[in-house]
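Survey of secondary and tertiary structure
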Amino acid sequence: MPSSSRTIRTGAEPAPRTRVSVHAADPILREGVHAQLRPFPGIELREESGPGTVALIVDDVLEEGALTRLRRLVRGEGARAVLVVRSLREAELLDVIECGVGAVVWRHEATAHRLVQAVLAAARGDGDLPADLLGRLINQVSTLHRSASGRSGVGSSGLAPREVDVLRLIAEGFDTGEIARKLSYSERTVKNVMHGLTTRLHLRNRAHAVAYALQEGYI
């Protein structure tokens, strides 16, 4: 029987892997993070970041150099960003969100499973902030909003009621499936609402959208 050049496929196609590049000034720390992520078959470790890649930035504190690197990775190279740090100062919170960081993990909580959870959330465009950090962000943006002069409480761009509903639940820590159930939407509808909102207002991710809604007085 003549041979055929066609490849016979059996079963379902394997799920695409999430590409991750690890950035750490300490090479031992970088190799440690690689060792944590390597056993997970859904993770593909890369040396370089780029569009569709999740950049995992690991540091003790967020210095100006790290902030510059974040901006380059997200805005210049099109990567998603996860930040792993020991602490963040109050003044750095909005800078981190506006740089495009969608997920933050505290160093003392950075187990392998926690890192993978944050990486996958960032890859989906979801937010993943520690509860205490989200509370601090809400308080900080609310303070900025109260102190701003000439605000009417409604932004000039305007948010639709269902956009506000979705953002309020995101701010409370619910994921896409939970939001869909609470609002009696499909998960696709929730994703479409967020995509339309972030695209229209040039926001980088869900965390940035929540910060915007808080700053404009919607939630």
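Within any chain, residue numbers begin from 1 and follow the written order of that chain's sequence. Since the coordinates come from a predicted model, pLDDT governs what is reported: local features require at least 70, and pairs of side-chain atoms require 80 or more to be given and counted, while whole-chain, interface and lining totals use all residues. Computation of side-chain values: all heavy atoms of the structure, hydrogens and water removed.

1. Quick word on the nonpolar core
Here the nonpolar core consists of buried residues drawn from Ala, Val, Leu, Ile, Met, Phe, Trp, Tyr and Cys, with membership extended through side-chain atoms lying within 4.5 Å. Partly exposed residues are those whose accessible area sits between 20% and 50% of the maximum for their type, while under 20% is buried and over 50% is exposed, using a 1.4 Å probe and protein chains only. Within the largest apolar cluster, 27 residues are counted, with the highest numbers of intra-cluster contacts made by Leu62, Leu70, Leu83, Leu88, Val104 and Leu129. The helix and strand labels rest on DSSP assignments: H or I over at least four residues marks a helix, E over at least two residues marks a strand, and numbering proceeds from the N terminus. Secondary structure elements with two or more residues in this core: strand 3 (54–58), helix 2 (64–76), strand 4 (80–85), helix 3 (93–99), strand 5 (101–106), helix 5 (131–147) and helix 9 (206–215). By definition in these notes, contact holds between two residues if any of their heavy atoms fall within 4.5 Å. Here Leu83 is in contact with Ile57, Leu62, Leu88, Val96, Val101, Ala103, Val104 and Val105, once residues within four sequence places are set aside.

2. Focus on helix 4 (residues 112–124)
The span expected for a helix works out to 1.5 Å for each residue beyond the first. Compared with the 18 Å implied by 1.5 Å per residue over 13 residues, the 19 Å span of helix 4 between its first and last C-alpha is a close match. All buried positions along helix 4 are accounted for by Ala112, Arg114, Leu115, Val116, Ala118, Val119, Ala121 and Ala122. Those residues of helix 4 that are buried lie in contact with strand 1 (18–24), helix 1 (27–37), strand 2 (43–46), strand 3, strand 4 and strand 5. Residue Gly125 follows helix 4 closely and has a positive phi angle near 90°.

3. Side note on helix 1
Along helix 1, the residues that are buried comprise Arg30, Val33, His34 and Leu37. Projection of helix 1 onto a plane perpendicular to its axis shows the buried side chains occupying an angular sector of 105°, all on one side. Here a polar contact is taken to be a pair of N or O atoms separated by no more than 3.5 Å, where protein atoms must pair a possible hydrogen donor with a possible acceptor and residues adjacent in sequence count only if both atoms sit in side chains. For helix 1, the capping residue at the N-terminal end is Asp26, with a side-chain oxygen 2.9 Å from the backbone nitrogen of Ile28. Taken from the helix axis, the directions to the C-beta atoms give the arc we talk about.

4. Side note on the layout of surface pockets
For cavity detection a 1 Å grid was placed over the protein atoms alone, and a set of points counts as a cavity when a 1.4 Å probe fits there but cannot get out; an open set counts as a pocket when protein lies on both sides within 12 Å along at least five of seven lines, with lining residues being those that have an atom within 4 Å of a point. Grid points are joined across faces, edges and corners, and a volume is the space filled by probe spheres set on the points. Approximately 1,000 Å³ is the volume attributed to the largest pocket. Those elements giving two or more residues to the lining of the largest pocket turn out to be strand 4, strand 5, helix 4, helix 5, helix 6 (161–171), helix 7 (176–183), helix 8 (187–200) and helix 9. Top contributing element to the lining of the largest pocket by residue count: helix 4, with five residues. Here the term charged refers only to Asp, Glu, Lys and Arg, the term nonpolar to Ala, Val, Leu, Ile, Met, Phe, Trp, Tyr, Cys and Pro, and the term polar to all other amino acids, Gly among them. Split by residue class, the lining of the largest pocket holds 18 nonpolar, eleven polar and nine charged.

5. Quick notes on the packing of helix 1 against helix 4
With axes taken as lines fitted to C-alpha atoms, and helix axes fitted only over the stretch in contact, angles between N-to-C directions fall between 0 and 180 degrees. It is at 9 Å that the axes of helix 1 and helix 4 come closest, and there the two elements cross at 85°. Between helix 1 and helix 4, the angle falls in the class roughly perpendicular. Contact residues: Val33, Gln36 and Leu37 in helix 1; Ala112, Leu115 and Val116 in helix 4. Class assignment for the residues of the contact of helix 1 with helix 4 results in five nonpolar, one polar and no charged. Under this scheme an angle from 65 to 115 degrees is roughly perpendicular, one under 35 degrees roughly parallel, and one over 145 degrees roughly antiparallel; angles in between are oblique.

6. A closer look at the confidence of the model for the protein
Predicted coordinates in regions of low pLDDT should not be interpreted in detail. As a per-residue measure, pLDDT reflects the predictor's confidence and takes values from 0 up to 100. Mean pLDDT over the protein: 80, with 84% of residues reaching 70 or higher. The least confident element of the protein, judged by mean pLDDT, is helix 5 at 65; the most confident is strand 2 at 94. Ignoring residues within four places in sequence, the model shows residues 1–10, a span with pLDDT below 50, making zero contacts including any to other chains. Every residue in residues 149–156 scores below 50 in pLDDT, and together they form ten contacts with partners more than four places removed in sequence or on other chains.

7. Comments concerning the environment of Val193
Along the chain, the position of Val193 falls in helix 8. For Val193, a relative accessible area of 6% translates into the label buried. Taking C-alpha positions, Val193 is 9.6 Å from Leu167, a pair spaced 26 residues apart along the chain. Sequence-distant contacts of Val193, defined by excluding residues within four places in its chain, comprise Arg162, Glu163 and Val166.

8. Digging into the sheet that holds strand 4
Spatially, the five strands line up as an open sheet ordered 2-1-3-4-5, and their pairing is parallel. Strands with a single pairing partner mark the edges of an open sheet, and in this sheet they are strand 2 and strand 5. On average, adjacent strands in this sheet sit at an angle of 25° to one another, irrespective of strand direction. Strand pairing is assigned whenever DSSP identifies at least 2 bridges connecting the two strands. Bridging between strand 1 and strand 3 involves five bridges; their strand directions are parallel. Each bridged residue has a counterpart across the sheet, and for Val20 the counterpart in strand 3 is Val54. Running over the sheet, helix 4 touches strand 1, strand 2, strand 3, strand 4 and strand 5 and is turned about 150° from strand 4.

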